[in-house]
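Tertiary structure, described
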Amino acid sequence: MQHFEFELILDDIDLNEPYEDPLFEAGCDDGLVSTFPVTLNGESKIRCVIHFAREASSLLAAVDSAIKNVISTGASVVCVAGEFDSATQQFLCAQGIPCQTVLS
C-alpha cells in the first residue's frame, strides 16, 4: 500500500452543527478538516476542506474511497485538488467533479 495526498472541497455541510465527528466516523479519520471563506456570485460562504493522506493500492482507489466516505455523511464534493494521474482525472471527470492539479 502507498500513501496519497489530496484535498476534497465540500459543500452541503452545516457548519453550525458538529461536522468533524460524522466525517471521522464515516472513515475520514486520515484527513485534516479545516474551513475557509469563499465568495461565489457575490455571496460569501464558508467551505469545508479535507486534506487527506490516505493509504490505498492506487491514487484512484484513495480518491474514490474518500469521496464515498464524504458522500455517506450527506455532504457533497465540489472539487478535488492534488497531483493526479490520467485514470484519476478521467474518473473525476466521469463523476462530474472538477479537479485542480496542484504541482508539488
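Small disclaimer: the values here were computed from a predicted structure and weren't measured.

Attention now goes to the side chain of asparagine 69. Assignment of secondary structure puts asparagine 69 in helix H2 (residues 59-71). Among the polar contacts listed, one links the side chain of asparagine 69 to the backbone oxygen of alanine 26, at a separation of 3.0 Å. Polar side-chain contacts of asparagine 69 include one of 2.8 Å to the side chain of arginine 54. For asparagine 69, the residues in contact, after removing those within four places along its chain, are Ala26, Gly27, Cys28 and Arg54.

Along the chain, alanine 53 falls in strand E3 (residues 43-56). As for alanine 53 and glycine 27, which are separated by 26 residues in sequence, their C-alpha atoms are 12 Å apart. When neighbours within four sequence positions are excluded, alanine 53 is seen to be in contact with His3, Phe4, Glu5 and Asp30.

Even without being a glycine, aspartate 12 presents a positive backbone phi close to 65°. On the basis of relative accessible area, aspartate 12 is assigned to the exposed category, the value being 53%.

We now examine the packing of aromatic side chains. A full pass over the atoms with the stated rule returns one aromatic pair. When the ring of phenylalanine 6 is compared with that of phenylalanine 52, the centres are 5.3 Å apart and the planes differ by 20°; the resulting orientation is stacked. Pair noted here: phenylalanine 6 is in strand E1 (residues 2-11) and phenylalanine 52 is in strand E3, with a separation of 46 residues, a long-range link. Relative accessible area serves as the criterion here: at 0%, phenylalanine 52 is assigned to the buried category.

Below, the discussion takes up the nonpolar core. Nonpolar side chains tend toward joint burial in soluble globular proteins. Core analysis: the biggest nonpolar cluster contains 24 residues, and Phe6, Leu8, Ile67, Val70 and Val80 have the highest contact counts within it. The set of elements that each furnish at least two residues to this core consists of E1, E3, H2, strand E4 (76-82) and helix H3 (86-95). Sort the elements by how many residues they give to this core and H2 lands first, with six residues. Apart from residues no more than four positions distant in its own chain, valine 70 is found in contact with Leu8, Leu10, Leu23, Cys28, Ile50, Ala75 and Val77.

Scoring rules and cut-offs
- Residues numbered from 1 in each chain as written.
- Predicted model: local features only at pLDDT ≥ 70, side-chain atom pairs only at ≥ 80, totals over all residues.
- Heavy atoms only, no water.
- Helix = DSSP H or I, 4+ residues; strand = E, 2+ residues; numbered from the N terminus.
- Polar contact = N/O pair within 3.5 Å; in protein donor to acceptor, adjacent residues only side chain to side chain.
- Contact = heavy atoms within 4.5 Å.
- Buried < 20%, exposed > 50% of the residue type's maximum accessible area, 1.4 Å probe, protein only.
- Phe/Tyr/Trp six-rings, centres within 6.5 Å; stacked < 30°, edge-to-face > 60°.
- Core = buried A, V, L, I, M, F, W, Y, C linked by side-chain atoms within 4.5 Å.

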